[in-house]
Each structure stands twice: as structure tokens, then as C-alpha cells.
Amino acid sequence: MDRTRIGFDMDDVICDTYGSLRLWAETSYDIPAHEKRDMPIQSLLTDSQNQKMVEMLNEGSFFATLDALPKAIDVLETLVKKHDVFIVTAAMEHPACMSHKFKWISEHLPFFNPLNIVFCGEKYVTDVDYLIDDTPRHFERLRGQGIVFSAPKNRDEKRYKRVDNWDDVAAFF
Ligand SMILES: [Mg+2]
């Protein structure tokens, strides 16, 4: 039986990265980011606060502290038994994130084969049948099919199939 190759983005697909960024903005600067959850976090911050956020992301340990999105772990555990599942995560904007992302996967997804983790820059280098990602830019040169994981920032994207949550992922595969 042919196993389908499926790539999953990490930030805002497996992990609630944006939720943690909102929390960081609230605790650091008293910004009511949860009330403005549909707005890009950058638009809620001043220039110097944005600079602090970039420094925080560059330091990297933030990426070890994220929560998983609902049902992500359970669905991944089921999918790895039936398909060739890869985590395809952009690592080059904040290279220090890599060890922390690796730690996160080891702790939250102990069943996941570490050899199936792909830290990359451009994701079209991967030879997957499907890539599930909240950033549709990654699909433009991909040979496989891109599937948008819904997030406020991709609300107007109409070019690709879409899933809203991990129940939708489970139903599709
Ligand atoms: Mg993402």
C-alpha cells in the first residue's frame, strides 16, 4: 500500500503560536490582544515593542513553551500509523528556535520519528503529497497539494483547499 506523504507546519497548525504571542503582548505590555485576536500582533505593538518581540523570538526558548492546538496531538498519533507524516517547519527566520522546537516535539509528540522532522527555509523543497500550513505562500512552488489551515491572516485566501481545525484534518485523511 502506498503511504501518503503529509507535511504539517508547526506554528499555528500544530502549536498555538499566535495564542502565546497574544499572551506575551498582554503580560509584557498590558495590551488586550485577546480582544483583538483577528488582528496581526504586529499591528497592536509600537515599533519598540515589535523590536522586543523579534528579540524574544530570536532568543528561541519561546518555541518550547507553546500549547498544542486542540486535538493536534491525537490526530497526529493516528496519522503516523497510516501515512508518512513529516513536520515541516520554517526555522531560518529565527534559527535559535530549532533546538527548542525539537524539544517541544520530543515532549509533546513522543511517538513522532525525529527523522521525519524537517527544519527548513523554503518549504517547496519538500517532496510531500500534501502540505498543511497557515501560510499559503509556501504552496506557490510546491509540487504537492497545499491545504490552508485557517487562521485570521489567511481568511481571504481562496486558491487552495482549506481545513479549519484538526477534526477537518482527520476527516480529510
Ligand atoms: Mg505556520
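Further up the page is the structure itself.
This is a predicted model, so every value here is computed, not measured.

**Examining the pattern of salt bridges**
Next up, step 1: Throughout the structure, instances matching the rule amount to 13 salt bridges.
Next up, step 2: Residue Asp-9 pairs with Lys-123 through a salt bridge whose shortest N-O separation is 3.0 Å. In this pair, Asp-9 is assigned in the loop between β1 (5–8) and α1 (17–29) and Lys-123 in the loop between β3 (117–120) and β4 (130–133), connecting sequence segments 114 residues apart. The same class applies to Asp-9 and to Lys-123, which are both buried.
Next up, step 3: Here Glu-157 ties to Arg-159 by a salt bridge, and the two come within 2.8 Å at their closest N and O atoms.
Next up, step 4: The exposure class of Arg-159 is exposed, given its relative accessible area of 52%.
Next up, step 5: Among the ionic contacts, a cluster of salt bridges with common partners joins Asp-9, Lys-123 and Asp-133.

**Considerations on the coordination of the magnesium ion**
Next up, step 1: At the metal site, the magnesium ion is ligated by Asp-9 (OD), Asp-11 (O) and Asp-134 (OD), and these contacts range over 2.0 to 2.2 Å.
Next up, step 2: Each donor residue of the magnesium ion belongs to the same chain, with the gaps between them written as D-x1-D-x122-D. Of this pair, Asp-11 sits in the loop between β1 and α1 while Asp-134 sits in the loop between β4 and β5 (145–149), and the two are 123 residues apart along the sequence. For the pair formed by Asp-11 and Asp-134, the shared burial category is buried.

**Describing the packing of α1 against helix α3 (residues 47–59)**
Next up, step 1: Taken N-terminus to C-terminus, the directions of α1 and α3 make an angle of 125°; their axes are 12 Å apart at the nearest point. It follows that α1 is oblique to α3 by the angle criterion. Here the hand of the crossing between α1 and α3 comes out right-handed. Across from Leu-21, Trp-24 and Tyr-29 in α1, the residues of α3 making contact are Gln-49, Lys-52, Met-53, Met-56 and Leu-57.
Next up, step 2: Of the residues that constitute the contact of α1 with α3, the class distribution is 6 nonpolar, 1 polar and 1 charged.

**Comments concerning unusual backbone geometry**
Next up, step 1: Positive phi is not limited to glycine here, since Asp-12 has a value of about 65°.
Next up, step 2: For Asp-12, the position within the fold is in the loop between β1 and α1.
Next up, step 3: For Asp-12, a relative accessible area of 19% corresponds to the buried category.
Next up, step 4: At Lys-71, a position not held by glycine, the phi torsion is positive, near 70°.

Reading the values: the criteria
- Residues numbered from 1 in each chain as written.
- Predicted model: local features only at pLDDT ≥ 70, side-chain atom pairs only at ≥ 80, totals over all residues.
- Heavy atoms only, no water.
- Salt bridge = Lys/Arg side-chain N within 4 Å of Asp/Glu carboxyl O.
- Helix = DSSP H or I, 4+ residues; strand = E, 2+ residues; numbered from the N terminus.
- Buried < 20%, exposed > 50% of the residue type's maximum accessible area, 1.4 Å probe, protein only.
- Donors = N, O, S within 2.8 Å, 3.2 Å for Na, K, Ca; no water.
- Axes fitted to C-alpha atoms, helices over the stretch in contact; angles between N-to-C directions.
- Parallel < 35°, antiparallel > 145°, perpendicular 65-115°, else oblique.
- Left-handed = near helix turned anticlockwise from the far one by under 90°.
- Contact = heavy atoms within 4.5 Å.
- Nonpolar A, V, L, I, M, F, W, Y, C, P; charged D, E, K, R; others polar.

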